[in-house]
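Fold and contact review
For reference, the chains in residue letters:
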Amino acid sequence: MNPFQYEQSLEVDSSVDRVSRAPEATFLAGGTGLLDLMKLGVETPAVLVDVRRLPLAQIQELPDGGVRLGALARNSDVAQHPLVRERYPMLSQALLAGASGQIRNMATVGGNLMQRTRCAYFRDTATPCNKREPGSGCSALEGINRGHAVLGVSEACIATHPSDMCVPLAALGATVRVKGPQGERAIPFADFHLLPGNTPHRETALEHGALVLSVDVPALPAARHSLYLKARDRASYAFALASVAAVLELEGGRIRQARLALGGVGTRPWRASGAEQKLAGQAPSPEVFQAAAKAALEGASPRAHNGFKVELAQRLIVRALTRLGGRS
Ligand SMILES: Cc1cc2nc3c(=O)[nH]c(=O)nc-3n(C[C@H](O)[C@H](O)[C@H](O)COP(=O)(O)OP(=O)(O)OC[C@H]3O[C@@H](n4cnc5c(N)ncnc54)[C@H](O)[C@@H]3O)c2cc1C
Ligand code: SF4
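As the structure is a computational prediction, the values presented were derived from the model and not from experiment.

Procedures and definitions
Residue numbers restart at each chain and count upward from 1, following the sequence in its written direction. Each chain takes a letter, starting from A, and each ligand takes a number, starting from 1, following the order in which they are written. The predicted nature of this model means local features are confined to residues of pLDDT at least 70 and side-chain atom pairs, given and counted, to a pLDDT of 80 or more, with totals for whole chains, interfaces and linings taken over all residues. Computation of side-chain values covers all heavy atoms of the structure but excludes hydrogens and water. Throughout, exposure labels follow a simple rule: accessible area from a 1.4 Å probe, protein chains only, divided by the maximum for the residue type, with under 20% read as buried, over 50% as exposed, and the rest as partly exposed. By the criteria applied, helices consist of DSSP H or I runs no shorter than four residues and strands consist of E runs no shorter than two, each listed in order from the N terminus. Working note: the arc is built from the helix axis to C-beta atom directions. Between two residues, a contact is recorded if the distance between any of their heavy atoms is within 4.5 Å. Being near a molecule or strand, for a residue, comes down to having at least one heavy atom within 4 Å of it. Side-chain atoms alone can form a polar contact between residues adjacent in sequence; in general such a contact is a pair of N or O atoms within 3.5 Å, and within protein one must be able to donate a hydrogen while the other accepts it. Calculation of accessible area relied on Shrake-Rupley with a 1.4 Å probe; when residues are assessed, cover is drawn exclusively from the protein chains displayed. The residue classification treats Ala, Val, Leu, Ile, Met, Phe, Trp, Tyr, Cys and Pro as nonpolar and Asp, Glu, Lys and Arg as charged. All others, Gly included, are polar. For the domains described, the bounds stem from an automatic or database domain assignment. Strands pair, by our definition, only if DSSP identifies at least two bridges between them. Think of each axis as a best-fit line through the C-alpha atoms, taken over the contacting stretch in the case of a helix, with angles from 0 to 180 degrees between the N-to-C directions. Residues grouped as a nonpolar core are buried Ala, Val, Leu, Ile, Met, Phe, Trp, Tyr and Cys residues, joined through side-chain atoms within 4.5 Å. Here a cavity is any set of points on a 1 Å grid over the protein atoms alone where a 1.4 Å probe fits but cannot get out, and a pocket is any open set with protein on both sides within 12 Å along at least 5 of 7 lines; a residue lines the site when it has an atom within 4 Å of a point. A molecule is counted as occupying a cavity or pocket when more than half of its atoms fall within 2 Å of that pocket's grid points. Salt bridges are defined as contacts in which a side-chain nitrogen from Lys or Arg sits within 4 Å of a carboxyl oxygen from Asp or Glu.

Along helix α1 (residues 12-21), the positions that sit buried rather than exposed are Val-12, Ser-15, Val-16 and Val-19. Taken around the axis of α1, the buried residues stretch over an arc of 95°, which confines them to a single face. Buried-residue contacts for α1 involve β2 (25-28), β3 (47-50), β6 (175-180) and β8 (211-217).

In this section: the site of ligand 1. Not every one of the 32 residues close to ligand 1 is listed here, only the nearest: Phe-27, Gly-31, Thr-32, Thr-108 and Asp-164. In the model, an oxygen atom of ligand 1 is placed 3.4 Å from a nitrogen or oxygen of the Asn-112 main chain. Here a nitrogen atom of ligand 1 and a backbone polar atom of Val-212 are 2.8 Å apart. Protein burial of ligand 1: of its 970 Å² of free accessible surface, 93% is covered by the chains. Counted by class, the shell around ligand 1 contains 16 nonpolar, 13 polar and three charged residues. Each of domain 1 (5-50) and domain 2 (222-327) accounts for three or more of the residues forming the shell around ligand 1.

Within the secondary structure layout, Lys-131 lies in the loop between α7 (109-114) and α8 (166-172). Here the side chain of Lys-131 touches Glu-203 through a polar contact of 3.0 Å, side chain to side chain. Not counting the four nearest positions on each side in its chain, Lys-131 is found in contact with Arg-116, Thr-117, Phe-122, Cys-157, Ala-159, Pro-200, His-201 and Glu-203.

In space, the five strands of this open sheet follow the order β4-β5-β8-β6-β7, with antiparallel pairing throughout. In this open sheet, the two strands that pair with only one neighbour each are β4 (59-61) and β7 (183-188). Each adjacent strand pair in this sheet contributes to an overall mean axis angle of 20°, direction not counted. Where strand β5 (residues 67-70) and β8 come together, four bridges link them in antiparallel fashion. Paired with Leu-69 across the strands is Val-215, a residue of β8. The strands that α1 touches are β6 and β8; relative to β6, the one it contacts most, it runs at about 70°.

Let us look at the nonpolar core. Across soluble globular proteins, you tend to see nonpolar side chains buried next to one another. Membership of the largest hydrophobic core comes to 42 residues, with the highest contact counts inside it found for Leu-69 and Leu-113. The greatest single-element share of this core, amounting to six residues, is contributed by α8. Setting aside residues up to four positions removed in sequence, Leu-69 forms contacts with Gln-58, Ile-59, Val-78, Val-84, Leu-91, Val-109, Ser-214, Val-215 and Val-217. Leu-229, Trp-270, Ala-296 and Val-318 belong to the second largest nonpolar core, which has 32 residues in total.

Phi at Ala-99 takes a positive value of approximately 55°, unusual for a residue other than glycine. Inspection of the secondary structure assignment puts Ala-99 in the loop between α5 (89-96) and α6 (101-106). Note on Ala-99: relative accessible area 34%, which makes it partly exposed.

Moving on, we come to the sheet that holds strand β11 (residues 254-263). The four strands lie next to each other as β9-β10-β11-β12, forming an open sheet whose pairing is antiparallel. Bordering the open sheet on either side are β9 (226-231) and β12 (270-271), each of which pairs with just one other strand. In this sheet, strand β10 (residues 242-251) lies alongside β9 in antiparallel orientation, the contact comprising six bridges. Each residue of the ladder has a partner; that of Leu-229, found in β10, is Val-244. Contacts from α5 reach β9 and β10 within the one sheet, and its direction differs from that of β9 by about 25°.

As a matter of local geometry, ligand 2 sits amid 14 residues, with Cys-119, Cys-129, Cys-138, Cys-157 and Ile-158 nearest to it. Spatially, ligand 2 is embedded in the second largest cavity. Along the lines of polarity and charge, the residues of the shell around ligand 2 split into 10 nonpolar, three polar and one charged.

Here we take up the pattern of salt bridges. Taken as a whole and judged by the stated rule, the model has 19 salt bridges. One salt bridge in this structure joins Lys-179 and Asp-13, with 2.9 Å as the shortest N-O distance. Here Lys-179, found in strand β6, pairs with Asp-13, found in helix α1; they are 166 residues apart in sequence, far enough to count as distant. In this structure Asp-13 comes out as partly exposed when scored by relative accessible area, which is 46%. With a shortest N-O distance of 3.1 Å, Arg-185 and Glu-207 are connected by a salt bridge. Of the two residues, Arg-185 is situated in strand β7 and Glu-207 in the loop between α9 (189-192) and β8; the sequence distance between them amounts to 22 residues.

Here is the structure:
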């Protein structure tokens, strides 16, 4: 591991100031992602600004009935919080489907949002990777790409966004509050993670030195009936091959509102708006659910080893909608 300077910060403003003034500085939260990448030589910050003592760990109700998740709230605490479990069960389920108990006890909301891809080539400094080293090429295009994305891909990068937590947040249309050198701003979740395009090294809308303060989840009474399903190679401690976060609200025998987002198949947490439109106003049926699942994967662009993800994700969508349809 490269030598680095460690600093502990007690104030939001000075943390932002410190990192934004030094291109080689970065924030340290739970450390479960960053420290691994430093050991692998993928990330080589010269200065680590530890933000764990900043007052950003609260989980609070918002006046409109939504919930604010502080950037330093631990994944375990968010998953177990009564407000989250009652109002957004799919968010609690997604967090509990991720990593292990020990990791969730350290990992934070901000770190989960900012976590980097698990593409094996990205994590291996001996191989070309446009995300790690712009312009060097993408080893996954013709390499082992079983775990890679089929939606939102480019010829420069097909890496999957690995987060479980971000999938329900995409479905819920959360807002990310950040503080950067120019002040505070709110970023709609759909704009937070960027598509790879020709610049896969640019992953989020954050400028260098901007600190995530919280994720604000809007009030959505329908989300009390929501579900997260994750398909993976092992029953625990494995990233998603495909996952779905779903909300289904029925009224008078018809679908009043549906929210769907996918994980494990997209280069960013993937809101399936086309599928939501197919569902709205329809009477729930296997055919309607299948049509929505088909719409969700429209435009999928598989490579040699990940074509199975298209059908896997479609089956998960149908299963989630069927389970919610029976429960509403
Ligand atoms: C073995 C293993 C299995 C895992 N399995 C899963 C899984 O199944 N599903 C899943 O979703 N995740 C999984 N993870 C990933 C895990 O969720 C992330 O490592 C974790 O959420 C990162 O949070 P952290 O607080 O530890 O972040 P850190 O490692 O401290 O930081 C990660 C990145 O975020 C930046 N950062 C942190 N906080 C902020 C902030 N407030 N503002 C701006 N930037 C910030 C850091 O600078 C760094 O770049 C796994 C991790 C491991 C090691
Ligand atoms: S898929 Fe993206 S992260 Fe993986 S090797 Fe290609 S450029 Fe790098």
